[in-house]
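So you can see what is in the structure, the chains are spelled out below.
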Amino acid sequence: MEAALREAEKAAQKGEVPIGAVIVFDNKIIARAHNQVETLNDPTAHAEMLAITQATTAINDWRLNECELYVTKEPCPMCAGASVLARLKAVVFGCFDPKYGAAGSALDLLQFPTWNHRCQVRGGVLEEKCATLLRTFFQQRRIFNSTNHNFSKEQSPKFIQW
């Protein structure tokens, strides 16, 4: 999870929502990613989605059934669905997301009973560190937005290290 947190910090430095992910196979990190939605102008460029793509390339197989995803925040429905479709063995996440979390908080797609694959799930790993990173980022964003009403995408605030 520490490696995923480092990826989340990279996202924050770029002004992206600070979520990071790594995928582990055979006790080795084979994929690292952070959110790049703004950078790539792509709503699907979540850390988990980018890491899954890297991992499938790394092992040359779309089935990641021996791989574990570590992500700093509970996956959204898109990322949870992709995790199941990629046949990930496990999804381990940091902080919970009561609004959009699809690993048990708002809904549970990782353990959906009628699907042919279910991922093992473990939440709350380094939860406070992961939550603090997100909380700090959004506090700074709100402060910036309240004092700078007319700014372009290029002027969007970059993360200040906490």
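We now turn to the structure provided with this report. Keep in mind the model is a prediction, meaning the values are calculated, not measured. (Residues numbered from 1 in each chain as written. Predicted model: local features only at pLDDT ≥ 70, side-chain atom pairs only at ≥ 80, totals over all residues. Heavy atoms only, no water.)

So, about the pattern of salt bridges. Tallied over the full model, the rule gives 5 salt bridges. One salt bridge connects R63 with D61, and the closest N-O pair in it is separated by 3.3 Å. (Salt bridge = Lys/Arg side-chain N within 4 Å of Asp/Glu carboxyl O.)

Our next topic: the pairing of strand 2 (residues 28-34). Taken together, the 6 bridges between strand 1 (residues 20-25) and strand 2 define a ladder with antiparallel strand orientation. Across the sheet, V24 pairs through a bridge with I29, a residue of strand 2. Counted between consecutive antiparallel strands, the loop separating strand 1 from strand 2 contains 2 residues, among which D26 sits at a positive phi close to 55°. (Pairing = 2+ DSSP bridges. Helix = DSSP H or I, 4+ residues; strand = E, 2+ residues; numbered from the N terminus.)

Below, the discussion takes up the layout of surface pockets. A water-sized probe, rolled over the atoms, reveals where empty space remains. Approximately 580 Å³ is the volume attributed to the largest pocket. V17, I19, K73, D97 and F138 are, among the 23 residues lining the largest pocket, the residues nearest its centre. Elements with a minimum of two residues in the lining of the largest pocket: helix 2 (37-40) and helix 5 (127-147). It is helix 5 that contributes the most residues to the lining of the largest pocket, 6 residues altogether. Partitioning the lining of the largest pocket into residue classes produces 10 nonpolar, 3 polar and 10 charged. (1 Å grid on protein atoms, 1.4 Å probe; cavity = no way out; pocket = protein on both sides within 12 Å on 5 of 7 lines; lining within 4 Å. Points joined across faces, edges and corners; volume = space filled by probe spheres on them. Nonpolar A, V, L, I, M, F, W, Y, C, P; charged D, E, K, R; others polar.)

This part takes up unusual backbone geometry. A positive phi angle, near 55°, is found at D26, a position not held by glycine. Topologically, D26 is positioned in the loop between strand 1 and strand 2. Unlike most non-glycine residues, N41 shows phi in positive territory, near 55°. As for its position among the elements, N41 is in the loop between helix 2 and helix 3 (47-59). A residue is classified by how much of its surface remains accessible, and N41, at 63% relative accessible area, is exposed. (Buried < 20%, exposed > 50% of the residue type's maximum accessible area, 1.4 Å probe, protein only.)

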